[in-house]
Amino acid sequence: MSLLTPFAYPTAAHAHKHAPAGYTEYQAYKPWLRDEFVFRCVYCLKRETWGSSVSGHAELGADHFEPQSLNEELAATYTNLIYACNDCNSYRRAEPLPINPLTTPLADHLVVDDRGKITGKTTAGQDFIDLFDLDAPGRDRLRADRLAVLRAKQSHPDDPDIDAIYRRAFGYPAVLPDLTALKPPAGNGKEGSETDSCHARRLRNEPPDVYQSSYYNNPFP
């Protein structure tokens, strides 16, 4: 079997899948952001399924590319929002980002090796690592542990215990947001995108059991 690449950063700019509008509180966009960024932190690539809480998505939420303190007008604008884990959000505070992850391919600036070590390919990439403390020992261990699961699956593809761990780690969350049930006050600028959400596709039995790292394109191989 070929290994997944859970820590491969995007090689292209993000193309928004959804365009909900009209919510006055930015937190209301969270179900859309979860699907938009495929249930993972844009900054460190941590997945909801790696959380310690019963509801994995409780450990992730909306972050602003343009901080609210600097541009309050964009506080509830969908295209200014990024899905991020609580740790990354806490590290950043209101610091400006050295790279815009929505318009700049992070793969041009960041790389993670096959043992989970992250390095900056550019000065901006290293600044990004420093801002979010992406090379902290605990984060190195997390990446190494997840990559070890992949190697174990590759070495023992038929082991049921390893397979169960593999599917939990790299599959979709058990409960996915049903975007068709949501009605943004100003509608969805990409009408019909709800029917291409992960939830809708699961109802059609389309998604695989596990998925790759990329969040900027169709999450399904």
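- An unreviewed UniProt entry annotates the protein as HNH endonuclease originating from Gemmata algarum.

**A closer look at the packing of helix 4 (residues 137–155) against helix 5 (residues 160–170)**
Here's step 1: Direction vectors running N to C along helix 4 and helix 5 enclose 135°, while the axes themselves pass 9 Å from each other. Overall, the two elements helix 4 and helix 5 adopt an arrangement that is oblique. Taken as a pair, helix 4 and helix 5 cross one another with a handedness that is left-handed. Residues Arg146, Val149, Leu150, Ala152 and Lys153 of helix 4 form the contact with helix 5, whose own contacting residues are Ile162, Asp163, Ile165, Tyr166, Ala169 and Phe170.
Here's step 2: Its residues assigned to classes, the contact of helix 4 with helix 5 shows 8 nonpolar, no polar and 3 charged.

**Some remarks on the confidence of the model for the protein**
Here's step 1: Here the protein shows a mean pLDDT of 91. Residues at 70 or above account for 95%.
Here's step 2: Segment residues 215–221: pLDDT under 50, and 28 contacts once partners within four positions in sequence are set aside and those in other chains are kept.

**Focus on helix 4**
A turn of α-helix holds 3.6 residues, and therefore any two residues three or four places apart point the same way.
Here's step 1: Its 19 residues place the ends of helix 4 26 Å apart at the C-alpha level, agreeing with the 27 Å of an ideal helix rising 1.5 Å per residue.
Here's step 2: When we look at burial in helix 4, the residues that qualify are Arg139, Asp140, Arg143, Arg146, Leu147, Val149, Leu150 and Lys153.
Here's step 3: Against the buried residues of helix 4 lie strand 2 (81–85), helix 2 (86–92), strand 3 (110–112), strand 4 (118–120), helix 3 (123–132) and helix 5.

**Here's the deal with the environment of Ile165**
Here's step 1: Mapped onto the elements, Ile165 comes out in helix 5.
Here's step 2: Under the relative-accessibility criterion, Ile165 is labelled partly exposed at 39%.
Here's step 3: Separated by 32 residues in the primary sequence, Ile165 and Asp133 have C-alpha atoms spaced 27 Å apart.

**A few points about the pairing of strand 2**
Here's step 1: Most of strand 2 is tucked away, with 5 of its 5 residues classed as buried.
Here's step 2: In strand 2, alternate side chains face the same way, and those of Leu81, Tyr83 and Cys85 on one face and Ile82 and Ala84 on the other are all buried.
Here's step 3: By the bridge criterion, 5 bridges tie strand 1 (residues 60–64) to strand 2 in an arrangement that is antiparallel. The residue of strand 2 that forms the bridge with Ala62 is Tyr83.

**Structural notes on helix 5**
Here's step 1: Listing the buried residues of helix 5 in full gives Ile162, Asp163, Tyr166, Ala169 and Phe170. Looking straight down helix 5, one finds its buried side chains confined to an arc of 135°; they lie on one side. Exposed and oriented more than 90 degrees from the buried face of helix 5 are Pro160, Asp161 and Arg168.
Here's step 2: Between a side-chain oxygen at the N-terminus of helix 5 and the backbone nitrogen of Asp161 the separation is 2.9 Å; the capping residue is Asp159.

**Topic: the nonpolar core**
The nonpolar side chains of soluble globular proteins are, as a tendency, buried together.
Here's step 1: Counting 46 residues, the largest nonpolar core has Tyr9, Tyr43, Leu134 and Phe170 as its most contacted members.
Here's step 2: Taken together, the elements giving at least two residues each to this core come down to helix 1 (30–36), strand 1, strand 2, strand 3, helix 3, helix 4 and helix 5.
Here's step 3: Top contributing element to this core by residue count: strand 2, with 5 residues.
Here's step 4: If you look at the next biggest cluster of nonpolar residues, it comprises 6 residues, including Val38, Tyr172, Leu176 and Cys198.

**Things to note about the layout of surface pockets**
Here's step 1: Put simply, the largest pocket is a space of about 270 Å³.
Here's step 2: Lining the largest pocket we find 16 residues, and of these Thr5, Val112, Asp113, Asp114 and Leu147 sit closest to its centre.
Here's step 3: Listing elements by their share of the lining of the largest pocket, those giving two or more residues are strand 3 and helix 4.
Here's step 4: Residues belonging to the lining of the largest pocket are distributed by class as follows: 12 nonpolar, 1 polar and 3 charged.

**Considering the side chain of Arg146**
Here's step 1: You can see Arg146 is positioned in helix 4.
Here's step 2: It is Asp145 that comes nearest to the buried, bridge-free Arg146 among opposite-charge side chains, at 4.9 Å.
Here's step 3: Beyond its immediate stretch of four places on either side in the chain, Arg146 contacts Phe7, Trp50, Ala169 and Phe170.

**Some remarks on the state of the cysteines**
Here's step 1: This structure, assessed with the given rule, holds 0 disulfides.
Here's step 2: Among the cysteines around Cys44, which has no disulfide bond, Cys41 carries the closest sulfur, lying 3.7 Å off.
Here's step 3: The class for Cys44 is buried, based on a relative accessible area of 9%.

About the criteria used
- Residues numbered from 1 in each chain as written.
- Predicted model: local features only at pLDDT ≥ 70, side-chain atom pairs only at ≥ 80, totals over all residues.
- Heavy atoms only, no water.
- Axes fitted to C-alpha atoms, helices over the stretch in contact; angles between N-to-C directions.
- Helix = DSSP H or I, 4+ residues; strand = E, 2+ residues; numbered from the N terminus.
- Parallel < 35°, antiparallel > 145°, perpendicular 65-115°, else oblique.
- Left-handed = near helix turned anticlockwise from the far one by under 90°.
- Contact = heavy atoms within 4.5 Å.
- Nonpolar A, V, L, I, M, F, W, Y, C, P; charged D, E, K, R; others polar.
- pLDDT = per-residue confidence, 0-100.
- Expected span 1.5 Å × (residues − 1).
- Buried < 20%, exposed > 50% of the residue type's maximum accessible area, 1.4 Å probe, protein only.
- Pairing = 2+ DSSP bridges.
- Arc of directions from axis to C-beta.
- Polar contact = N/O pair within 3.5 Å; in protein donor to acceptor, adjacent residues only side chain to side chain.
- Core = buried A, V, L, I, M, F, W, Y, C linked by side-chain atoms within 4.5 Å.
- 1 Å grid on protein atoms, 1.4 Å probe; cavity = no way out; pocket = protein on both sides within 12 Å on 5 of 7 lines; lining within 4 Å.
- Points joined across faces, edges and corners; volume = space filled by probe spheres on them.
- Lys, Arg positive; Asp, Glu negative; His and termini not counted.
- Salt bridge = Lys/Arg side-chain N within 4 Å of Asp/Glu carboxyl O.
- Disulfide = S-S within 2.5 Å.

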